[in-house]
Every structure is written in structure tokens, then in C-alpha cells.
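The lines below spell out each chain.
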Amino acid sequence: MVALNIIITFAEQLMDFISDVSNFFTKIIANIHNFLNRFMSDEIILVFGIAIGAFLAILLFRAVINKR
């Protein structure tokens with residue numbers, strides 16, 4: 001019974017930690033969006049986000065290919 005309580009407590013604490021990390025990153029992204037929204041529209045932010053994502057993907061693939 002003690003082992004079951006320990007496992008349940010660990011699982012609850014782990015779920016709380018994951019929830020806190022998720023909230024942290026959600027708030028950071030929301031703050032960045034609110035800041036950028038003062039200067040540009042949502043469509044431009046989306047285009048820049050896609051471009052940055054594509055650039056990071058290219059860098060990642062080049063790094064993986066160059067490792068061979």
C-alpha cells in the first residue's frame with residue numbers, strides 16, 4: 001500500500017510539473033505574440049514563424065547530413 005501511495009504521489013507531482021512547464025511556455029509565446037502584434041498583423045507573424053521554422057529545419061537537416 002505504501003508503494004502504491006508513493007507511485008500515485010509521484011504521478012501527481014509529475015503531472016503538475018508538466019502542467020507548469022506547459023503554462024510557462026504558453027505564457028512566453030503569448031507575451032511574444034502580444035509584443036509583435038503591436039507592430040505587425042497576425043498574418044505577417046505567421047509567415048515569419050513559418051520562415052523561421054523552415055530555416056531551423058534546414059539547419060537541422062544540414063547538421064545531420066554533415067555528420068555522416
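Residues numbered from 1 in each chain as written. Predicted model: local features only at pLDDT ≥ 70, side-chain atom pairs only at ≥ 80, totals over all residues. Heavy atoms only, no water.

K.L.:
Can you help me understand the overall build of the chain in this one?
P.N.:
In terms of helices and strands, the chain carries two helices and zero strands. Its C-alpha atoms give the chain a radius of gyration of 20 Å, more than 25% over the compact-globule value 11 Å for 68 residues. Within the structure as shown, the chain displays about 6,400 Å² of accessible surface, and the carbon and sulfur contribution to it stands at 73%. Computing the positive centroid from 5 side-chain charges and the negative centroid from 5, the chain places the two 20 Å apart. (Helix = DSSP H or I, 4+ residues; strand = E, 2+ residues; numbered from the N terminus. Rg over C-alpha atoms; globule rule 2.2 N^0.38 Å. Areas by Shrake-Rupley, 256 points an atom, 1.4 Å probe, with all protein chains shown as cover. Lys, Arg positive; Asp, Glu negative; His and termini not counted. Charge placed at Lys NZ, Arg CZ, Asp CG, Glu CD.)

K.L.:
Is there a simple way to think about a nonpolar patch on the surface in this case?
P.N.:
A cluster of nonpolar side chains, contributed by Phe10, Leu14, Phe17, Ile18, Val21, Phe24, Phe25, Ile28, Ile29 and Ile32, occupies part of the molecular surface with about 1,000 Å² of accessible area. Its place among the elements puts Ile32 in helix 1 (residues 2-37). Using a relative accessible area of 47% as the deciding quantity, one classes Ile32 as partly exposed. (Patch = residues over 30% accessible without salt bridge, like charges linked within 9 Å, V, L, I, M, F, W, Y side chains within 5 Å. Salt bridge = Lys/Arg side-chain N within 4 Å of Asp/Glu carboxyl O. Buried < 20%, exposed > 50% of the residue type's maximum accessible area, 1.4 Å probe, protein only.)

K.L.:
Honestly, the packing of aromatic side chains in this entry has me stumped. Any pointers?
P.N.:
The way to describe two aromatic rings as a pair is by their centre distance and the angle between their planes. Under the criterion given, the structure shown has two aromatic pairs. For the pair Phe24 and Phe25, a centre-to-centre distance of 5.4 Å together with 70° between the ring planes defines the contact as edge-to-face. Taking the relative accessible area as the measure of exposure, Phe25 reaches 47% and is therefore partly exposed. Considering the side-chain rings of Phe35 and Phe39, the 5.2 Å spacing of their centres and the 75° angle between planes classify their relative orientation as edge-to-face. Residue classification places Phe35 among the partly exposed residues on the basis of a relative accessible area of 46%. (Phe/Tyr/Trp six-rings, centres within 6.5 Å; stacked < 30°, edge-to-face > 60°.)

Nothing here speaks to function; it is geometry throughout.
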